[in-house]
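In case you want the letters, here they are:
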Amino acid sequence: MKSLPSMLLALGLATQAWAAPPADLPAAIYADPPADAAFPARGVAVQIPSGGQMMNALLYLPAGRGPHPVAILMHGLPGYDGNLDLAQVMRRAGWAVITFHYRGTWGSGGAFSLGGSADDGMAVMDWLHMSATTKAFRFDPGRVVVLGHSMGGYDAAYACAHTPSVLGCALLAPWDISADQPALAKMTPEERDHFAATSLDDIDGRISGMTARQIAEIIATEGQTWRLADLAPALANHPLLVVTDTRDDDDDKALALLPALAEAKAKKLQAVTLDSDHGSSDHRVALQILVLKWLATLPGAPPLR
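Bear in mind that the values here come from a model prediction, so they are computed numbers and not experimental data. (Residues numbered from 1 in each chain as written. Predicted model: local features only at pLDDT ≥ 70, side-chain atom pairs only at ≥ 80, totals over all residues. Heavy atoms only, no water.)

A. Spotlight on the sheet that holds strand 3 (residues 68-74). Strand order in the open sheet made by the eight strands is 1-2-4-3-5-6-7-8, with mixed pairing throughout. Strand pairing shows two members of the sheet lacking a second neighbour, strand 1 (42-50) and strand 8 (269-274), which therefore form its edges. This sheet shows a mean twist of 20° between the axes of neighbouring strands, independent of strand direction. As defined by bridge partners, strand 5 (residues 139-149) adjoins strand 6 (residues 168-172) across five bridges and the pair is classed as parallel. Residue pairing across strands places Val145 opposite Gly168, the latter belonging to strand 6. Relative to the sheet, helix 3 (residues 114-128) contacts strand 1, strand 2 (53-61), strand 3, strand 4 (96-100) and strand 5, its axis offset from that of strand 1 by approximately 115°. The strands that helix 5 (residues 151-161) touches are strand 3, strand 5 and strand 6; relative to strand 5, the one it contacts most, it runs at about 145°. (Pairing = 2+ DSSP bridges. Helix = DSSP H or I, 4+ residues; strand = E, 2+ residues; numbered from the N terminus. Axes fitted to C-alpha atoms, helices over the stretch in contact; angles between N-to-C directions. Contact = heavy atoms within 4.5 Å.)

In structure tokens form, the structure reads like this:
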């Protein structure tokens, strides 16, 4: 029987040796962890209650008996990109990861609202700390981190600011809703229609309970309710990772948050700017490495292989 390289060559396909990874590259980036037949890695679909509704969630559970440290990963609006590559790489590094869809998004019950999404994040935090949950999924409620992208960045910051016990918070292109309020407040109804049709063009048909035009109206009238910088004093007590992107909009660059954190004398802040777009689309591996290395600095974190 021919070897695999011989068969590939026979089919006209070239073979190429894998290059050795850099010495400081976390193994979770390129290699699967050891298997555990008794406690294998797995994915589990669950529903998490919030406000009388049920939110759809998926748990990424690592191999091993545990208990495992837990990362709550919050997506943006409407949530096309769940940053699930981060969920996978964190699981390979020994973290259990909770991903979920806010009420009114992607099949979760109820109606979506801007304020409700922060409440949903807190509901996940409460669910995580229930004894039945920690027992069923081998979670360590004493080792919890929160990560969020875009709108999920605000929600992650909110959850971190209101949960003193969390180990840390990673904000990825966090959306400062209040930054959009002044411009929207000055717009005519026709201009808000245009804003909804262009800047919020992926909303309609993807969420329940609100249209893109209604979201624009809420931002114009109530946007100052969600000032990211207001959370800085509480966030300053936690280890923080803030990742922004050069080709992103200003409302996702933490322009008010970072000075507020400096004023609050945040001592464990790592702020990184990637030369990329809102989703760090061409820097995903760089983002994975950043997140893994930051997680490894937290107390009780699994050591990087």
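B. Representation of the state of the cysteines within the structure. Per the counting criterion, the structure on display carries zero disulfides. Cysteine Cys160 shares no disulfide, and the gap to the nearest cysteine sulfur, in Cys169, comes to 3.9 Å. On the basis of relative accessibility, which here comes to 0%, the residue Cys160 falls in the buried class. Judged by relative accessible area, Cys169 falls into the buried class, the value being 0%. (Disulfide = S-S within 2.5 Å. Buried < 20%, exposed > 50% of the residue type's maximum accessible area, 1.4 Å probe, protein only.)

C. Local environment of the environment of Ile219. Mapped onto the elements, Ile219 comes out in helix 8 (residues 212-222). In sequence terms Ile219 and Ala57 are 162 residues apart; their C-alpha atoms lie 27 Å from each other. When sequence neighbours within four positions are dropped, the list of residues in contact with Ile219 reads Leu114, Trp175, Ile177, Asp180, Gln181 and Leu184.

D. Spatial organisation of the environment of Leu257. Tracing the backbone through its elements, the reader meets Leu257 in helix 10 (residues 257-263). Classification of Leu257 by relative accessible area gives buried; the value is 0%. The residues contacting Leu257, other than those within four sequence positions of it, are Leu171, Leu228, Ala229, Ala232 and Leu235.

E. Up close: the pairing of strand 2. Relative to strand 2, strand 1 runs antiparallel, the two sharing nine bridges. What sits directly across from Ile48, in strand 2, is Met55. The hairpin turn running from strand 1 into strand 2, its antiparallel successor, is two residues long, and Gly51 in that turn takes a positive phi close to 55°.

F. Looking closely at the pattern of salt bridges. Using the criterion set out here, one finds 11 salt bridges in the structure. The shortest N-O distance in the salt bridge between Asp85 and Arg284 comes to 2.7 Å. Of this pair, Asp85 sits in helix 2 (residues 84-92) while Arg284 is found in helix 11 (residues 284-296), placing the two residues 199 residues apart along the sequence. Salt-bridge contacts for Asp230 lead to Arg227; the nearest nitrogen and oxygen are separated by 2.3 Å. On the basis of relative accessible area, Arg227 is assigned to the partly exposed category, the value being 31%. Among the charged side chains, a salt-bridge network with shared partners connects Arg192, Asp193, Arg213 and Glu217. (Salt bridge = Lys/Arg side-chain N within 4 Å of Asp/Glu carboxyl O.)

Functional significance is not addressed by these values, which are geometric in nature.
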